[in-house]
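This is what each chain is made of:
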Amino acid sequence: MAPNDKLNYTKSDAPIDIELDSDIVDPEDGNAQDRRDMTRMGKTQELKRNFRFISIFGFTMILMQSWEAIFSLGAIGLTNGGTAGYIWLYLASWVGWVFVNLSMAEMASMAPTTGGQYHWVSEFAPRRHQKFLSYVMGWMCVLAWQTIIASTCYIAGTQVQGLLVLNYAPRYYEPHPWHGTLLAIALAAFGVFFNIVLARRLPLVEAGLLCIHILGFVAILVTLWVLAPRTPASEVFTTFNDGGGWDSVGTSTMVGITASLLPLLGADAAVHMSEELQDASRTLPRSMIATTLVNGALGWIMLITFCSTLGNLTDILDSETGVPFIAMFYNTTQSAGGATAMSVLIIIMTIAGILTQHATASRQLWAFSRDKGMPFSSWFSYVYPRLNLPVNSIITTLIFTILLSLIAIGSPVAFNTLTSLGGTAILSSYVCSIGCVLWRRLAHKPLLPSKLSLGRYGLFINVVSMLFLLVAFVFSFFPPSPMPTPDLMNWNILIWGSTVVGSLVYYAAVARKQYVGPVEYVRKLD
């Protein structure tokens, strides 16, 4: 193999002599394999490894919130696609995500690092493209998770406001748009408090929340089956809808793909916690695959139930609560108390998602700063010794969320435009990282050994992953209608493109002098 073809580009190719099996190492610093992985990647263990399989599985399950997201995103899928389009496209997306997350699970097993996608791109991309591709993906992932948590906080805030309307309006409560924003900021502050003060309890809390995730699914499913009006299956599984006016049911259904993608997006969140996970190279891939299969199944069952018990879509969309699923639950139970009890389960899980997303967003910012990818990197990457936490990155995430939330007071359209970056930026990071591994396979270049190897099926799985992601990526830029008004226009392409151009400009002007990419710290282990 030619020198420029070797997988690990290193500052020093001398073998590393470390005591991987030493008994004096703190168990919270990981096992021998964790220490070996960190040493190979040239990283210092700064965070405590408090997560095990159940807690990281719960972490990712709660962050994805597949069955809960069905209620929040239902209007998108039903408008463009109808019940049949929504159900069948979700099934196709679930299969696609299985291939994607298998591909990423293999990379996570090879290089279990908080950096995730931008680190993988740095290791697996062609030598001459490693640096700038890794840098762009780092910016994409950082901004994606920062906007995702701002969006989730705002959604949770408006959901709480919807319950206030249901129970107290108009006699005791008059809703205003800024109420939802203030609630969003309050929930974001709670997320910061939890991620700093109660951070060591996060694994235990995630395991408990996993139980609520499962039991809440059963409670709402049974209630809808027993009390809600039923639509015949012959209609549910065959009724397509071109609500966007595309004059093509197929195109309209694909435009609604966002409602099928988002409930299953985010399995990589576990990767960004990998340096806080015991036996990460083995546990990470198991967690990512299990999350995709279990959450996908829960979402599929709940989606069919949702479409079969929906009732009149126009009525719930026009509800005074402003939250369609609250109106749906009220129509089902004919009781404000019953609707509140059902809605609280979803709102609790949405707030729980804020905790996990805040952890993910702050760790991604911390990791990229550790590799000198951000301005003021030394400040963002500082870990407080007493807490073993990147407190500066956690607080910065709160500030970013507050600033974005304040935009929603003046213009919800502008807020939604900015936060739309989350999904497309994450998708583009998947495309780039899996594309690099696919390139290595096609070029017959070596891959790192891993606890999860796709083996001879790797090429096929990577190809299917790329085809699925490219289709999803393209349609994520489509507006809901071919002739949208400015407030309904999909500004995703503008925001995503601006992020790419902005990161490249900053890279050319400043970062290329200080950012070398994670691969330059990678070492060889004998």
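Provided above is the structure to which this section pertains.
Parameters and conventions
Residues numbered from 1 in each chain as written. Predicted model: local features only at pLDDT ≥ 70, side-chain atom pairs only at ≥ 80, totals over all residues. Heavy atoms only, no water. Helix = DSSP H or I, 4+ residues; strand = E, 2+ residues; numbered from the N terminus. Rg over C-alpha atoms; globule rule 2.2 N^0.38 Å. Contact = heavy atoms within 4.5 Å. Areas by Shrake-Rupley, 256 points an atom, 1.4 Å probe, with all protein chains shown as cover. Disulfide = S-S within 2.5 Å. Buried < 20%, exposed > 50% of the residue type's maximum accessible area, 1.4 Å probe, protein only. Salt bridge = Lys/Arg side-chain N within 4 Å of Asp/Glu carboxyl O. Patch = residues over 30% accessible without salt bridge, like charges linked within 9 Å, V, L, I, M, F, W, Y side chains within 5 Å. Phe/Tyr/Trp six-rings, centres within 6.5 Å; stacked < 30°, edge-to-face > 60°. Lys NZ or Arg CZ within 6 Å of the ring centre and 35° of its normal.

Q: Which parts of the structure should I look at to understand the overall build of the protein chain?
A: Of the regular secondary structure elements, the protein chain holds 21 helices and zero strands. For 526 residues, the compact-globule formula gives about 24 Å, and the C-alpha radius of gyration of the protein chain, at 23 Å, lands near that figure. Over its C-alpha atoms, taken along the principal directions, the protein chain stretches across nearly 70 × 50 × 45 Å. Contacts in the protein chain between residues far apart in sequence, at least 24 positions, make up 81% of those at least 6 positions apart. Just so you have it, the protein chain exposes about 20700 Å², and 66% of that area is on carbon and sulfur atoms.

Q: Even after reading the chapter, I still don't get the state of the cysteines, so can you show me in this structure?
A: Here a disulfide denotes a covalent bond joining the sulfur atom of one cysteine to the sulfur atom of another. Within the structure shown, the criterion is met by zero disulfides. Residue Cys141 stays outside any disulfide, its sulfur separated by 9.5 Å from that of Cys432, the closest cysteine. Left unpaired, Cys432 is separated from the closest cysteine sulfur, that of Cys436, by 4.6 Å. By relative accessible area, which is 15% here, Cys432 ends up buried.

Q: I tried to follow the pattern of salt bridges on my own but got confused; where do I start?
A: A side chain with one charge may pair with a side chain of the opposite charge, provided their charged atoms come close. Taken as a whole and judged by the stated rule, the model has eight salt bridges. Ionic pairing is found between Glu520 and Arg127, a salt bridge with its closest N-O pair at 2.9 Å. On the criterion of sequence distance, the pair formed by Glu520 in the segment after α21 (492-509) and Arg127 in the loop between α5 (117-124) and α6 (130-168) is long-range, its members being 393 residues apart. The exposure class of Glu520 is buried, given its relative accessible area of 16%. For Arg127, a relative accessible area of 37% gives the class partly exposed. In this structure, Arg370 and Glu275 form a salt bridge, with 2.9 Å as the shortest nitrogen-oxygen distance. Of the two residues, Arg370 is situated in helix α15 (residues 336-370) and Glu275 in the loop between α11 (258-261) and α12 (280-308); the sequence distance between them amounts to 95 residues. Under the relative-accessibility criterion, Glu275 is labelled buried at 1%.

Q: Got a minute to help me understand a nonpolar patch on the surface in this structure?
A: A grouping of Trp178, Leu182, Ile395, Ile399, Leu403, Leu406 and Ile409 is seen on the molecular surface, where their side chains present a nonpolar patch of about 630 Å² in accessible area. Listing elements by their share of the nonpolar patch, those giving two or more residues are α7 (177-197) and α17 (391-410). If you tally residues by element for the nonpolar patch, the top one is α17, at five residues. With respect to the helices, strands and loops of the structure, Leu406 is situated in helix α17. Given a relative accessible area of 42%, Leu406 falls into the partly exposed group.

Q: What's the story with the packing of aromatic side chains in this structure? I'm lost.
A: Pairs of aromatic rings are described using the distance from one ring centre to the other and the angle between the two planes. Scanning the entire structure with this criterion turns up 29 aromatic pairs. Here Trp139 and Tyr506 contribute two aromatic rings whose centre-to-centre distance is 6.3 Å and whose plane-to-plane angle is 65°, an arrangement assigned as edge-to-face. Taken together, the positions of Trp139 in helix α6 and Tyr506 in helix α21 put the pair 367 residues apart, joining distant regions of the chain. A relative accessible area of 16% means that Trp139 is categorised as buried. Overall, Tyr506 belongs to the partly exposed group, its relative accessible area being 25%. An aromatic cluster is present here, built from Tyr118, Tyr135, Trp139, Phe368, Tyr506, Tyr507 and Tyr515 joined pairwise through their rings. Directly above the ring of Phe53 sits Arg286, whose terminal nitrogen or CZ lies 4.5 Å from the centroid.

Geometry only, nothing functional implied.
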